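# Tertiary structure, described
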Amino acid sequence: MPVMSRVEAAFCRSAPWRAFTGRIVVPWVLRGEDLAGEVLEIGSGAGANAAVIAETQPQASITATDLDPTMVTAARARLAKYGTRATVAEADSTRLPFDDDHFDAAVSLLMLHHVIDWEAAIRELARVVRPGGRVVGYDLIATRGARLIHLADRSPHRLLSPNELCGSLIASGFHDVDVNPALGGLVARFHATAGPAL
Ligand SMILES: C[S@@+](CC[C@H](N)C(=O)[O-])C[C@H]1O[C@@H](n2cnc3c(N)ncnc32)[C@H](O)[C@@H]1O
């Protein structure tokens, strides 16, 4: 099964989307939080978000990962200029090729709804982010509009609700979980801390 439809994949690689997600979405998701150490991005697409993180978070090294080889190639080209501060790997977010507690933080931007078993991706984030590390992101909520867009577009998807996302983060062992609907309920922004509360 394709990861996304050709139309949506092309849109995610387009210059307007890259500018929007990099300049507007990343600061909005981070809410002023700094990222430091080894940072993982799952479903990183063409690498626009990872490039902004490499540019604006001097304490961070970013590992951008995506299941789609075309996205990986685009991200590699985009991130090459950051040298060892940005690496790219082809990886399925439900089976990440990284050791337990490998990362200090992780980012997931508008990708979970394309992972049919998105709960498995959350469990993998809980596994690879060290206790105390932050996971931040946002995703589409299961609204009528989101359903219609994806039916027309035909990308494989399984939309989530804020309650399901919150429950999955807690069930996977995160604490300080915060899931907030935004943009009139179209998306949910989330923040969580890996491992048990001290
Ligand atoms: C809507 S795009 C968003 C891309 C990027 N995060 C952004 O904000 O521009 C969703 C991305 O998730 C990737 N993806 C879908 N399923 C995946 C999976 N199981 N593991 C890793 N990446 C996946 C797709 O290839 C695509 O690049």
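Let us look at the structure shown here. (Residues numbered from 1 in each chain as written. Predicted model: local features only at pLDDT ≥ 70, side-chain atom pairs only at ≥ 80, totals over all residues.)

### So, the overall build of the chain
Operational definition: Helix and strand labels come from DSSP, where a helix needs a run of H or I of at least four residues and a strand needs a run of E of at least two; each type is numbered from the N terminus. The quantity called the radius of gyration is restricted to C-alpha atoms. Its globule counterpart is 2.2 Å times the number of residues to the power 0.38. Placing C-beta atoms from the backbone, we regard two residues as in contact once those atoms come within 7 Å.
Helices and strands together make up the secondary structure of the chain, namely seven helices and seven strands. Relative to a compact globule of 198 residues, whose C-alpha radius of gyration would be 16 Å, the chain shows 15 Å and is just as compact. A principal-axis box enclosing the C-alpha atoms of the chain has dimensions of 45 × 40 × 30 Å. Partitioning the contacts of the chain with sequence separation of at least 6, the portion at a separation of at least 24 is 66%.

### Digging into the environment of Thr-193
The line we're drawing: Buried means a residue has 20 or more other C-beta atoms within 10 Å of its own C-beta, exposed means 12 or fewer, and partly exposed covers the counts in between; C-beta atoms are placed from the backbone.
Within the secondary structure, Thr-193 is located in strand 7 (residues 187-193). With 20 C-beta atoms counted inside 10 Å, the residue Thr-193 sits in the buried group. Along the primary structure Thr-193 and Gly-173 are separated by 20 residues, whereas in three dimensions their C-alpha atoms are 8.9 Å apart. With near-sequence residues (within four places) excluded, Thr-193 lies in contact with Gly-132, Arg-134, Phe-174, His-175 and Asp-176.

### Some details on the site of the ligand
Just so we agree on the cut-off: Each residue receives a C-beta atom placed from its backbone. It is near a molecule or strand if this atom lies within 6 Å of it. Residues were grouped as follows: Ala, Val, Leu, Ile, Met, Phe, Trp, Tyr, Cys and Pro as nonpolar; Asp, Glu, Lys and Arg as charged; and all remaining residues, including Gly, as polar.
Inspection of the region around the ligand gives 22 residues, with Gly-43, Gly-45, Asp-68, Ser-93 and Met-111 positioned closest. In terms of residue class, the shell around the ligand is built from 11 nonpolar, eight polar and three charged.

### A closer look at the sheet that holds strand 6 (residues 175-182)
Pairing between sheet strands relies on hydrogen bonds along the backbone, with the strands arranged either parallel or antiparallel. The criterion, for reference: Between any two strands, at least two bridges found by DSSP are needed for them to pair. Every axis corresponds to a line fitted to the C-alpha atoms, with the helix fit spanning only the stretch in contact, and the corresponding angles, defined between N-to-C directions, vary from 0 to 180 degrees.
Spatially, the seven strands line up as an open sheet ordered 3-2-1-4-5-7-6, and their pairing is mixed. Two strands close off the open sheet at either side, each with one partner strand: strand 3 (86-90) and strand 6. Here the strands of the sheet are splayed against their neighbours by 15 degrees on average, with no regard to which way each runs. Note: strand 2 (residues 60-66) against strand 3, five bridges, orientation parallel. Following the sheet pairing, Thr-65 is matched in strand 3 by Ala-89.

### Considerations on the environment of Thr-143
Mapped onto the fold, Thr-143 is located in the loop between strand 5 (129-140) and helix 6 (144-153). Here the alpha-carbon distance between Thr-143 and Gly-185, two residues 42 residues apart in the chain, equals 7.8 Å. With sequence-adjacent residues up to four places away left out, Thr-143 is seen in contact with Gly-185 and Leu-186.

### Observations regarding the nonpolar core
So the rule is basically this: Only buried residues count toward a nonpolar core: Ala, Val, Leu, Ile, Met, Phe, Trp, Tyr and Cys, linked into one set through C-beta atoms within 7 Å.
Formed by 55 residues in total, the largest nonpolar core has its most connected members in Val-39, Ala-50, Ala-75, Ala-106, Val-129 and Val-135. Considering each element in turn, this core owes the most residues, six residues, to helix 5 (residues 118-128).

### Quick word on helix 2 (residues 15-30)
The condition is simple: Any helix carries an expected span of 1.5 Å times its number of residues minus one. Note on bend: at a given residue it equals the angle between the axes fitted to the 7 residues ending there and to the 7 starting there.
Over its 16 residues, helix 2 runs 22 Å from end to end, which matches the ideal 22 Å to within 8%, given 1.5 Å per residue. At Thr-21, helix 2 is deflected by roughly 35 degrees, the largest bend along its length. Along helix 2, the positions that sit buried rather than exposed are Arg-18, Thr-21, Val-26 and Val-29. Buried residues along helix 2 sit against helix 3 (48-56), strand 4 (103-109), strand 5 and strand 7. Of the residues one or two after helix 2, Arg-31 is the one with positive phi, at around 50 degrees.

### Quick word on helix 4 (residues 69-79)
Quick note on the threshold: In this description, one arc is meant: the one made by directions from the helix axis to the C-beta atoms.
What helix 4 keeps buried is the set Met-71, Val-72, Ala-74, Ala-75, Arg-78 and Leu-79. Along the axis of helix 4, the buried positions cluster into a sector of 165 degrees, meaning they face one direction only. Exposed residues lying more than 90 degrees from the buried face of helix 4 are Pro-69 and Ala-77. Here the buried face of helix 4 lies against helix 1 (6-13), helix 3, strand 2 and strand 3.

### Looking at the packing of helix 2 against helix 3
Put simply, the rule reads: Every angle not falling under 35 degrees, over 145, or within 65 to 115 is termed oblique; those three ranges are roughly parallel, roughly antiparallel and roughly perpendicular. Helix crossings fall into two classes, left-handed where the near helix is turned counterclockwise from the far one by less than a right angle and right-handed where it is turned clockwise.
One can describe the packing of helix 2 onto helix 3 by two numbers: an axis separation of 8 Å at closest approach and a directional angle of 45 degrees. Comparing the axis directions of helix 2 and helix 3 gives the class oblique. When the axes of helix 2 and helix 3 are compared, the crossing they make is right-handed. Of helix 3, the residues touching helix 2 (which contributes Arg-18, Thr-21, Gly-22 and Val-26) are Ala-48, Asn-49, Ala-51, Val-52 and Ile-53. Its residues placed into classes, the contact of helix 2 with helix 3 shows five nonpolar, three polar and one charged.

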